[in-house]
Amino acid sequence: MTANALETADREVPMVDVRGVSKRFGHQEVLRHVSLTVRTGEVVCLIGPSGSGKTTLLRTLNHLETVDRGRVLINGQLIGYRQEQNKLYEYSEKEICRRRRRVGMVFQHFNLFPHMTVLQNIIEAPVGVGKKPRRVAIERARSLLQRVGLSERADAYPSELSGGQQQRVAIARALAMDPELMLFDEPTSALDPELVGEVLAVMRDLAGSGMTMVVVTHEMGFAQQVADRVIFMADGIIVESGPPSQVINAPTHKRTQDFLKAVL
């Protein structure tokens, strides 16, 4: 195979490849045979009512949730398991953490270490887990703080920041591990309305830079402007999927139509 053919083959491997994933909590099946692919550089927004399975699906992408059936591959590799003769064996926690480095995640709540400064929060994982030299990690952290508009707050503590600023620090912290994929779980839902825009602006910039992103969101305007594809979920399945112009502006499924009438 020629070098060009190899490059083409690499590009054809999806960044996210979810194959027939099911997940149950007790008697409730929250994911039902879900399959999904996300191309490198694609921005996918997951929308749907509470309890539809959006967050659970997102959490399977970095093995924060295990799956009962199916496979999850990130850039062609199983994220939490090794496979031997068609049977899956879960990796050790250490190996799971090593593989999880490829996937950054930003949560609803910021989860910053309150006793650490902004800079210390950002360099903690690159130095402690990634074994980067401290000087290199600090240089990278300062660059990321500039990117999210918080250069002047490097020495502040989380309690001294607004919610929007804390969430921007959380994004910088996730980016500090140089992930291939970024996951966002309703990153603006815990913010006051006037702070939502500053976080979405950082996410727009990130999407524009070519980062592969999967975003659980209720921000329909963001999904319309930034997403390459919108996926509507309900009752643990993907009901409708397509470009924002179709799914948000002209949905074909009644379940999608009813949801959008309620939120728009």
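Parameters and conventions
- Residues numbered from 1 in each chain as written.
- Predicted model: local features only at pLDDT ≥ 70, side-chain atom pairs only at ≥ 80, totals over all residues.
- Heavy atoms only, no water.
- Pairing = 2+ DSSP bridges.
- Helix = DSSP H or I, 4+ residues; strand = E, 2+ residues; numbered from the N terminus.
- Axes fitted to C-alpha atoms, helices over the stretch in contact; angles between N-to-C directions.
- Parallel < 35°, antiparallel > 145°, perpendicular 65-115°, else oblique.
- Left-handed = near helix turned anticlockwise from the far one by under 90°.
- Contact = heavy atoms within 4.5 Å.
- Buried < 20%, exposed > 50% of the residue type's maximum accessible area, 1.4 Å probe, protein only.
- Arc of directions from axis to C-beta.
- Expected span 1.5 Å × (residues − 1).

Below, the discussion takes up the sheet that holds strand 4 (residues 69-74). Strand order in the open sheet formed by four strands is 2-1-4-5, with antiparallel pairing between adjacent strands. Of all strands in the sheet, those bounded by a partner on one side alone are strand 2 (28-38) and strand 5 (77-78). Across seven bridges, strand 1 (residues 16-25) lies against strand 2 in antiparallel orientation. Among the inter-strand pairings, Phe25 is bridged to a residue of strand 2, identified as Gln28.

With that settled, consider the packing of helix 4 (residues 118-128) against helix 5 (residues 134-147). The axes of two packed helices give the description: the angle between them and the distance between them. Across the interface, helix 4 lies against helix 5 with an axial gap of 9 Å and an inter-helix angle of 130°. When the interaxial angle is binned, helix 4 and helix 5 end up oblique. Relative to helix 5, helix 4 is oriented so that their crossing is right-handed. When helix 4 is examined against helix 5, the residues Val118, Leu119, Ile122, Ile123, Pro126 and Val127 are found in contact with a partner set consisting of Arg134, Ala137, Ile138, Ala141, Arg142 and Leu145.

This part covers helix 3 (residues 93-100). All of the buried residues in helix 3 are Glu95, Ile96, Arg99 and Arg100. Down the axis, helix 3 shows its buried residues gathered within 140° of arc, on one side only. For helix 3, the exposed residues set more than 90 degrees away from the buried face come down to Glu93 and Lys94. Tucked inside the fold, the buried residues of helix 3 contact strand 5, strand 7 (87-90) and strand 8 (103-106).

Before going further, it helps to spend a moment on helix 7 (residues 193-208). Relative to the 22 Å expected for 16 residues at 1.5 Å per residue, helix 7 spans 24 Å between its end C-alpha atoms, a close match to the ideal helical length. Within helix 7, the full set of buried residues consists of Leu195, Val196, Val199, Leu200, Val202, Met203, Leu206 and Ala207. With its buried residues spanning 155° around the axis, helix 7 presents them on a single face. Exposed and oriented more than 90 degrees from the buried face of helix 7 are Glu194 and Gly208. Buried positions along helix 7 lie against strand 3 (43-47), helix 5, helix 6 (163-175), strand 9 (181-185), strand 10 (212-216) and helix 8 (220-226). Of the residues trailing helix 7, Gly210 is marked for its positive phi of about 100°.

All right, on to the environment of Cys45 then. Its location among the elements puts Cys45 in strand 3. Look at Cys45 and you get buried, because its relative accessible area is 0%. Apart from the residues within four sequence positions on either side, Cys45 is in contact with Val215, Thr217, Phe222, Ala223, Ala227, Arg229, Val230 and Ile231.

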